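Architecture and fold: a report
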Amino acid sequence: QVQLVESGGGLVQAGGSLRLSCAASGSIFSILRMGWYRQAPGTQREWVAAITRGGDTNYADSVKGRFTISRDNAKNTVALQMNSLKPEDTAVYYCNVVGILPDYWGQGTQVTVSS
C-alpha cells in the first residue's frame, strides 16, 4: 500500500531548528517531484518546498533561505531541515508529491514554534 510517514516535529523556540523526515513508498517516490506542505489552524494547506529526483529544489518565498529540502532515492526518504524558525512556521507538516494531485495524505507531524 501507499505509505507516507512524517516524523521529526516538536516544540521549539523561535530561532531554533528542526529536521523533518518523510518515509515514502517506492511507487510514490518514483514521481519526479516530492515535497513538503504545511497547514496551520484556520488556513489552507500550502506548499513549502519541492525536490526532483535529480536534486533540483524550489521553495516558497516564506521559507527561502531558512529551509532546505533533500532526498535519498535509495532509502525513499525526503527531509526538511528547518532553521531560524518563526512562530508563523507553526503548522502540521506533510510530505507528498508535487505537481500531481495527491490522492493520499499521511498524518503529518506537528511543528510548534514559540515566541
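See the structure printed just above.
Bear in mind that the values here come from a model prediction, so they are computed numbers and not experimental data. (Residues numbered from 1 in each chain as written. Predicted model: local features only at pLDDT ≥ 70, side-chain atom pairs only at ≥ 80, totals over all residues. Heavy atoms only, no water.)

Attention shifts here to unusual backbone geometry. Look at Asn76: it is not a glycine, yet its phi comes out positive at around 55°. Non-glycine residue Ser84 carries a positive phi angle of around 50°. Among the secondary structure elements, Ser84 is positioned in the loop between strand S8 (77-82) and strand S9 (91-97). You can call Ser84 partly exposed: its relative accessible area is 41%. (Helix = DSSP H or I, 4+ residues; strand = E, 2+ residues; numbered from the N terminus. Buried < 20%, exposed > 50% of the residue type's maximum accessible area, 1.4 Å probe, protein only.)

Another aspect to go through is the state of the cysteines. Going through the model one piece at a time under the given rule, you end up with 1 disulfide. Across the disulfide from Cys22 sits Cys95; the S-S distance is 1.7 Å. Across the S-S bond of Cys22 and Cys95 the torsion is about 55°, and the bridge reads as right-handed. Residue Cys22 is located in strand S3 (residues 18-24), and its partner Cys95 is located in strand S9; the two are separated by 73 residues in the primary sequence. (Disulfide = S-S within 2.5 Å.)

Any functional reading would require information beyond the geometric quantities listed.
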